[in-house]
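Okay, here's what each chain looks like letter by letter:
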Amino acid sequence: MASIRLEKLTKKFGGFTAVDALELSVDHGEFVALLGPSGCGKTTTMNMIAGMETPTTGEIYFDERSMRDVPMGRRSVGFVFQNYAIFTRMTVHGNLSFGLRARKPRPSRQDIDQEVKRVAKIVGLSTVLDRKAASLSVNDLQKVALGRSMIVKPAIFLLDEPFSNLDAAFRAYMRAELKRLQHEIGQTMIYVTHDQVEAMSMADRIAVMNRGELQQFAPPLELYTRPANMFVAGFVGSTPINFLPAEAMPPSLLRRAANGDRRQLGIRPEYLTLVPRDAPEATIRATVRLVEPLGAKDVVHLEWNDHQMRALGRPGQRPRLGDEVGVLFNPQQVLFFDDAGRATA
Amino acid sequence: MARIRLDGVTKSFGAVTALRDISLDIADGEFFAILGPPGAGKTTLLRTIVGLETPEQGDVFADEQRITDVFPGDRNLAIMFQNLALYPDKSVFGNLAFPLKRAKVPRQEIRRRVQETAEKLHIEPLLGRKPAKLSGGERQRVALGRVLVREAGALLLDEPLSALDAMLRLEMRVELKRLQREVGRTLIYVTHDQVEAMSMPDRVAVLREGALQQVDSPENIYHRPASRFVATVIGSPPMNFIPAVAEASNGHLRVVHEQFVMESTAPVTAQRLAPGAPCFVGIRPEDIQVAVGGDGLAARIYATEPLGGETVVDVRLGDRLVKLIASPALQLSIDAEIRIQFDPSRLHVFDGDGMTVLSAGGAQGVMRLESRSRSVGDTDRPVGQ
Amino acid sequence: MTHRLPSLRGPARALAIAVVAGVFLAPLYWMITMAFKPQAEWNPPGGTIWFPLHATFANFSAILSSSGTSVFEASPTNATGPIEHSVIAATGGTVLALLIGVLAAYGIGRFRAGGRLLPFQVLQLRMFPPVAIIIPLLIMMAYLNLVDTYLGLWLVYAAVTFPFVVWLMRSFFQELPREIGEAAIVDGCTHWGAFFKAILPNVKGGLAATALFVFILNWSDFLIALVLTSQNVVTAPVFLNSLQSAGAGQEYGPQAALGLILVLPPAIFGLLIQRYLVRGLTFGAIKQ
């Protein structure tokens, strides 16, 4: 496994800057996610790390060794893509061993077999080694793709939205498996995705990107509780965060002794509690616009002075449409942002 | 306003059967969703209702009139395609006016109705623009406008929100629900997104490989699924299924696992579950808790997925992986041994073929759960790896 | 790193380009300059003059009116008649080809009319070089009394360019999502209505490009017109050729002027539709 360091990494396509002076440091054995909406530069960054694209300016270091003149074939990176290009006519065994058989000198058949069995066990393909790849389910094909990259023991794993073709239930299963796998084999992994649930659930640290720029690079919980700006706050989190203009908020919510502008207040729906309309502890009073039952919880859409917001309700205490309710803000969980969208105290 | 009914509809494309014997009765003014994984036949179903596909067997009725052989334009149904299919050469006004012109609506009336619809959807300032100059969200609303302006008997929407980003999707969900209520028209809504299927419709039809699995309110689908498939298709993270074995017990349903025993408190006839038959216990991640005291089933943490507002914990229970939801404040490390508890009012039992035998569905006292490992202090059963 | 194919750089590259360009551009240059040269400069004893020293429009007026500067006044050098014939023949052939071809392309592209084989069969029509069948074609046309008539030319031109229309328009139709036609139908159109009101307006560009492309082919045609015309509808390229063997064979100036006139439409139209053509020709090749 290797550490990776990106230094002022920039990629321009003609007039368009896809990646802008990216600085990133990935430790040995770390699982890092590159997260962002489509077009943010995450795939371009990954392609540069792999060697498929050359940076316009900036450096890439593997274990502090510059990769500038090292071509893709020599960088010891393993790939898992979205469309995994499995050889359909070969057996699973053949697909897994492909990378080994291409080596010079070619390892002995026993050695190959041993490695294949080892990897198959890790990804859960031991029972289907002799089946033709064309007959496998989509889920198993994903495992073959994973195993095929693993077997050549690359220093770094690069995964580009590998689970986007799978159904939701299997994706949930694979998240746990991949996380566990990475923990067991201790490989440095870089995972590109636009799905924040995936990034949050698996990564040690997440690099959130937007329009080619790094927004924040931090562990999941830090992104969640201390987002660096409004973009990160809005992008991370299953139910979108509420943004309200700070000047409209009751002064009790605005803490003293803070530097920097406070233009926007951010609070996540789960830190709002619905209380009876006349309850004295309520921070504001709002009207219920809609209640969306989502099974495990309800999303309650509220309107307050022409501002829209969302809170979470519990199925047992479901307010009715048009009700006026009190909303209690958890003061510890309130975030502030200046007019440039950056987080302030 | 139309009541749409399907009777034994079967549709094949060559060797592939896309729809198998579908019978549905959608009430006038109902918000009806069709949910299923990609390839289940949802779009084919919609296209068959509107007449772009003709079934080999079965019939389609609108207000009890047989429309199976009626040309699509004469069925008084409006459809919004997944890729919107706005007329690129026409302005927004032209797009909305097109169906009305075909229906020979007088010019004044066309203008009035287009204006009204545009107001409802907040797209008046866009009336002069062509689709190419609109954002994704704006195009969505124009496409919606085109089906609304017709005042057709029923509106068919094919995954209308799938192309939008998360924030916009959330807003549009609220908008759509409000609109449907306001306009009061039958709405048939196809989706693969289970959040949409839970939050918006009056009833949901779950489709799998062309066959109906269950047709019920979202609540019932969630809390009383008819099969493992239905239980999996709604709810994220998905329901856990723990293999167990049925046992004889004088008319009560009794299910045994290495670490726990479940029994129904009322008599249950379950012919499918003969003594010794394999079965599955279903429980959703949000209905499993990390036990604070020493009581509960022994489990070992396999992985943790911190999502910010909550943490999904994957644990090994026996030789099965089970997901549960825990508070983010809880300190949990990989490979730690913990104890977990199931909410007995949320347990389900499925037979070996995946069909539901018994669903607690949120009702208290339907099932009783007893852990088989004794309390802390006694020798614990070893948790197999 | 992506591999780079070995390529010439610098002066060697410039030279290679100059040579290839030269081969293609030289005749064109000669013709353009000749069109403006006065008679004295056509073939002076001293050698070729590369640039007209006293540029004039005399050649154009010569070729376009009955009174010419020709020494051999017996032979007609008035090209206005043939040019007119060319316009009518090319336009008529284009219209006919479009009428049949566009509808066929829609059927094939959208409804898979004719199954999997029909598109190839249509294309095969073009693989057959017209020169191979030109004599039987002549005999057939003679039998039908269509030799030396506009109708005869239109029919043959349409038949010969029809595969191009299908090939190009098919990919333009396929580019349109099929739901646009379906939306029109659900909105109350008949199939024909959907075609004219929803589909056609959205392939205007492709249609124009195809029309111009076919027009260029018909306009430039020499072989078919040579065989199928004799007096009444002689087209301009055939006429130009006839000037070679007639007494006016030495009249380089006027011939070059006519050549320039004839080259203008294809050049202008071609530039206009260049982008569309590449799109239409290659689009079907890539699986969406």
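Residues numbered from 1 in each chain as written. Chains lettered and ligands numbered in written order. Predicted model: local features only at pLDDT ≥ 70, side-chain atom pairs only at ≥ 80, totals over all residues.

Novice: Go over the environment of F336(A) with me, naming the residues and quoting the values.
Specialist: By the secondary structure assignment, F336(A) is in strand 18 (residues 335-337). In the structure, F336(A) is positioned 70 residues away from G266(A) in sequence and 6.0 Å away in space, judged by C-alpha atoms. (Helix = DSSP H or I, 4+ residues; strand = E, 2+ residues; numbered from the N terminus.)

Novice: Quick one: what's the story with unusual backbone geometry, residue by residue and with numbers?
Specialist: A negative phi holds for most residues other than glycine; trans holds for most peptide bonds. For the bond from S236(B) to P237(B), the omega torsion is 0°, close enough to zero to count as cis. If you trace the backbone, P237(B) turns up in the loop between helix 8 (228-233) and strand 11 (240-247). Residue N305(A) is not a glycine yet carries a positive backbone phi of 50°. Although it is not a glycine, D63(B) sits at a positive phi angle of roughly 50°. Tracing the backbone shows D63(B) in the loop between strand 4 (57-62) and strand 5 (65-66).

Novice: Lay out the confidence of the model for chain B in plain terms, naming residues and giving numbers.
Specialist: Residues with a pLDDT of 70 or more make up 96% of chain B, whose mean pLDDT is 88. Across residues 374-385 of chain B the pLDDT falls below 50, and counting only partners more than four positions away or on other chains, this stretch makes 14 contacts in the model. (pLDDT = per-residue confidence, 0-100. Contact = placed C-beta atoms within 7 Å.)

Novice: I'd like a description of helix 5 (residues 168-185) of chain A, backed by residues and values.
Specialist: Residues and elements named next belong to chain A. The end-to-end C-alpha distance of helix 5 is 26 Å, a good match for the 26 Å that 18 residues give at a rise of 1.5 Å each. For helix 5, the set of buried residues is R171, A172, M174, R175, A176, L178, K179, L181 and Q182. Taken from the residues just after helix 5, G186 is the one with a positive phi, measuring 65°. (Expected span 1.5 Å × (residues − 1). Buried ≥ 20, exposed ≤ 12 C-beta atoms within 10 Å, placed from the backbone.)

Novice: Before we move on, can you summarise helix 9 (residues 191-199) of chain C with the specific residues and values?
Specialist: All names here are of chain C. Three or more residues of helix 9 are buried, namely A194, K197, A198 and I199. Viewed along the axis of helix 9, the buried residues span an arc of 155°, placing them on a single side of the element. Helix 9 presents W192 and F196 as exposed residues on the side facing more than 90 degrees away from its buried surface. In this structure, the buried side of helix 9 is in contact with helix 8 (178-186). (Arc of directions from axis to C-beta.)

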